[in-house]
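Residue-level listing of the chains:
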Amino acid sequence: MLDIKLKLQPGHTNDREWMEPSPLKTLFWNITYACNYRCGVCFTDAGSAMPGELTTPEALAAVEKIHQAGVHDLILSGGEPFQREDIIPILRHMGKFGISTRIASNGSLLDQEILRQLRDETLVQSFQISLDTIDADIYERFHSASPGDLNTVLKNLDIIQQLGFHTTISARLTPHTLAGIPALLDFAVQQGIATLTIHCPVHTRRVSETYPQDEDMFTRLEHVFEHFSNLPQKWLIETYIPWAEYHPVIRRLQKQVRINNRGCRAGRDRLTINPSGHISPCVCMDIPEAYVGNVKSDDLELVFQNSPVNKMFRSPREHGICADCANLTKCGGGCRASAFALTGRMDGQDMSCPVWKSRDQKEHRQS
C-alpha cells in the first residue's frame, strides 16, 4: 500500500535499509471479501464473499503453513474480517502457533464480548480502524453506511483502547476526506490513539471519486503535514512510498519533524493471501497477473524465494525497471501496483515518481 503513517506516540519503527535482502517476515491475509459496507474506495473491491473462499478447515491448515514458513506477524483484513463466523477460532489457532495478529477492520461489527474474547483467547495485538472521517454525513456517504454507524464505531474504538490493544485509525485520501484529515488528527490526539495512517488509493481495484493514480499526493497533503508538525504531541512520519524521500515536500518537512522512509516491502519480506488462498507479493495486487501460488497447495517460503514475480520485485534492474536511474538501489523502481495501474504492466514505469516526472518534463521542454 502507498501509506503514510502519522505517529503520535513513540513505538516501533525500523531504520534498516528496506531494499536489503530479507527472509519472509510478514503476511497480509484478506480473509474474506464479504463486507457490510460498500466504500467508494476499496483496495480489494469488497462487498460480497469471493467465490471459493477458504473453508474453516482450509483456513486452519493455512495457519499451520504460515507457521511452518517461520512467519510470526500477520495482518488480517478483508473485506470486513468479522463477517466470517469462524474468525475467532481461526485467531485462536494462530495463537497456538505463536502468531501475533494485527487486525484491519471498519469496527462496526465489534462489541465488548468479541473484543474480550480476542484479548483473552488470542494473540491479537492491535487494531487499525478505517475511520476516514469524523463527519457523520461524509462517513455515511463514503462507506455506504447506515445512520448511527459512526457512533457505533467510535464506541468500539473506546472499548478497544480500554482493553489495551494498540490502536490506529486510518483514512483513505480522496477529495471527500482530505479537508477533514486535520480534524481526524486532532481527534486521535484527544483520544490517545497512537497513529493516523493515510492510504493513497492504488487504482487496481475500486476507486470511485478519487484522485488520478499519478496525482501529486504529497503536495495535496502538505497542509496535513504542517498540522501534524505543529501538534504538541507527535513522534514521527513514516512513509511506505518508495520514492518519498525524493519529493520536495518531504525534503522540506524533514527540517521540522522526524521522517522515516520505509519504502515498499512487497515481495521483499512479505506476501499477501487472498480469501480463496491465492498468494501475491502486494496487498494491492489481487490480480491473476500477480498470483505466485495458492496457500492450499504451495509452500509459502518456496513461493517467496523462487517466484519470478517476487524476483522482479526484489531485482527490478534485471527486468529493465528504472535501469538508468541512479536512485534505483534506494527506491526499488517505484510502486509496482501503481505502475500496473498506469501502464497495465507490472514491469511498467511508475509515473507518479517525482524524479521520473521531473526528467520527463525536462525532456519534453528540450524536444
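Structural data are supplied above this passage.
The residue numbers shown here count from 1 along each chain, following its written sequence. Residues qualify for local features only when their pLDDT is at least 70, as the model is predicted, and side-chain atom pairs are given and counted only at 80 or more; totals for whole chains, interfaces and linings, by contrast, use all residues. Think of the side-chain values as coming from all heavy atoms in the structure, minus any hydrogens and water.

Undergrad: Just checking my understanding: could you explain the overall build of the protein chain for this structure?
TA: Helix numbering and strand numbering both begin at the N terminus, where a helix is a DSSP run of H or I of at least 4 residues and a strand a DSSP run of E of at least 2. When its secondary structure is counted, the protein chain shows 14 helices and 14 strands. Here the globule rule reads 2.2 Å times residues to the power 0.38, and the radius of gyration is calculated from C-alpha atoms. Over its C-alpha atoms the protein chain spans a radius of gyration of 20 Å, differing by no more than 12% from the 21 Å that the globule rule assigns to 367 residues. Along the first, second and third principal axes, the C-alpha set of the protein chain runs to 65 × 50 × 35 Å. For the protein chain, buried positions account for 57% of its 367 residues. Contacts: residue pairs with any heavy atoms within 4.5 Å of one another. In the protein chain, once contacts between residues fewer than 6 apart in sequence are set aside, the share between residues at least 24 apart is 72%. The Shrake-Rupley method, run with a 1.4 Å probe, gives the accessible areas here. Residue values count only the displayed protein chains as cover. Of the roughly 15,000 Å² that the protein chain leaves accessible, carbon and sulfur atoms contribute 49%. Asp and Glu count as negative and Lys and Arg as positive, but His and the ends of the chain are not part of the count. To locate a charge, take atom NZ for lysine, CZ for arginine, CG for aspartate or CD for glutamate. Separation of charge centres in the protein chain, based on 38 positive and 43 negative side chains, amounts to 5 Å. Between buried and exposed lies partly exposed: a residue is buried under 20% and exposed over 50% of the maximum accessible area for its type, with that area taken using a 1.4 Å probe on protein chains only.

Undergrad: I tried to follow the packing of aromatic side chains on my own but got confused; where do I start?
TA: Ring pairs (aromatic) are described by centroid distance and by the angle formed between their planes. Any two of the Phe, Tyr and Trp rings considered here, Trp counted by its six-membered ring, make a pair once their centres fall within 6.5 Å; the pair's planes then place it as stacked at under 30 degrees, edge-to-face at over 60, or tilted in between. Inspection of the entire model under this criterion finds four aromatic pairs. Aromatic side chains Phe-218 and Phe-225 sit 6.1 Å apart centroid to centroid with 35 degrees between the ring planes, which places their arrangement in the tilted category. Phe-218 gets classed as buried once you look at its relative accessible area, which sits at 1%. Through a chain of ring-to-ring contacts, three or more aromatic side chains come together here, namely Phe-218, Phe-225 and Trp-243.

Undergrad: Just checking my understanding: could you explain the pairing of strand S2 (residues 26–30) for this structure?
TA: Consecutive side chains along a regular strand alternate between the two faces of the sheet. Most of S2 is tucked away: five of the five residues are buried. Two strands make a pair as long as DSSP finds a minimum of two bridges between them. Of the strand pairs in this sheet, S2 and strand S4 (residues 73–77) are connected by five bridges, and their pairing is parallel. By the bridge assignment, Leu-27 is partnered in S4 with Leu-74. The sheet contact formed by S2 and strand S12 (residues 270–273) spans four bridges and is parallel. Bridged to Thr-26 within S12 is Arg-270.

Undergrad: Sorry if this is basic, but what is going on with helix H3 (residues 112–121) here?
TA: Since the α-helix advances by 3.6 residues per turn, residues separated by three or four positions end up pointing in the same direction. The complete set of buried residues in H3 reads Ile-114, Leu-115 and Leu-118. With its buried residues spanning 95 degrees around the axis, H3 presents them on a single face. Along H3, the residues that are exposed and aim more than 90 degrees away from the buried face are Glu-113 and Asp-120. Residues of H3 that are buried sit in contact with helix H2 (87–96), strand S6 (124–130) and helix H5 (149–162). At the N-terminal boundary of H3, the capping side chain belongs to Asp-111, with an oxygen 3.1 Å from the backbone nitrogen of Glu-113. What the arc covers is the set of directions going from the helix axis to the C-beta atoms. Think of a polar contact as two N or O atoms within 3.5 Å of one another; within protein, one of them needs to be a possible hydrogen donor and the other a possible acceptor, and neighboring residues in sequence only count if both atoms come from side chains.

Undergrad: Is there a simple way to think about the pairing of S4 in this case?
TA: Across the five residues of S4, four count as buried, placing the element largely inside the fold. The pairing of S4 with strand S5 (residues 100–105) spans four bridges and is parallel. Bridge pairing in S5 links Ile-75 to Arg-102.

Undergrad: Please explain the packing of H2 against H3 as it appears in this structure.
TA: To describe two helices that pack against each other, one gives the angle between their axes and the distance between the axes. Between N-to-C directions, angles cover 0 to 180 degrees, with each direction set by a line fitted to C-alpha atoms, over the stretch in contact for helices. Orientation of H2 relative to H3, taken along the N-to-C sense of each, is 15 degrees, at an axis distance of 10 Å. What the angle tells us is that H2 and H3 run roughly parallel. H2 and H3 meet at a crossing whose hand is right-handed. The residues of H3 that touch H2, namely those facing Ile-88, Leu-91 and Arg-92, are Ile-114, Gln-117, Leu-118 and Glu-121. Under this grouping Gly is polar, as are all residues other than the nonpolar Ala, Val, Leu, Ile, Met, Phe, Trp, Tyr, Cys and Pro and the charged Asp, Glu, Lys and Arg. Taken together, the residues of the contact of H2 with H3 sort by class into four nonpolar, one polar and two charged. Oblique is the label for any angle not covered by the other classes, which are roughly parallel (under 35 degrees), roughly antiparallel (over 145) and roughly perpendicular (65 to 115). With the far helix as reference, a near helix turned anticlockwise by less than a right angle produces a left-handed crossing, and one turned clockwise produces a right-handed crossing.

Undergrad: Explain the sheet that holds strand S14 (residues 293–294) here, please?
TA: Picture the strands of a sheet paired through backbone hydrogen bonds; they go either parallel or antiparallel. Across the sheet, twelve strands lie side by side as S11-S10-S1-S8-S7-S6-S5-S4-S2-S12-S13-S14; this open sheet has mixed pairing. Each end of this open sheet is capped by a strand with a single partner; those strands are strand S11 (259–261) and S14. Relative to strand S7 (residues 166–172), S6 is paired through five bridges, and the arrangement is parallel. Opposite Ser-126, over in S7, you have His-166 as the bridge partner.

None of this, on its own, says anything about what the molecule does.
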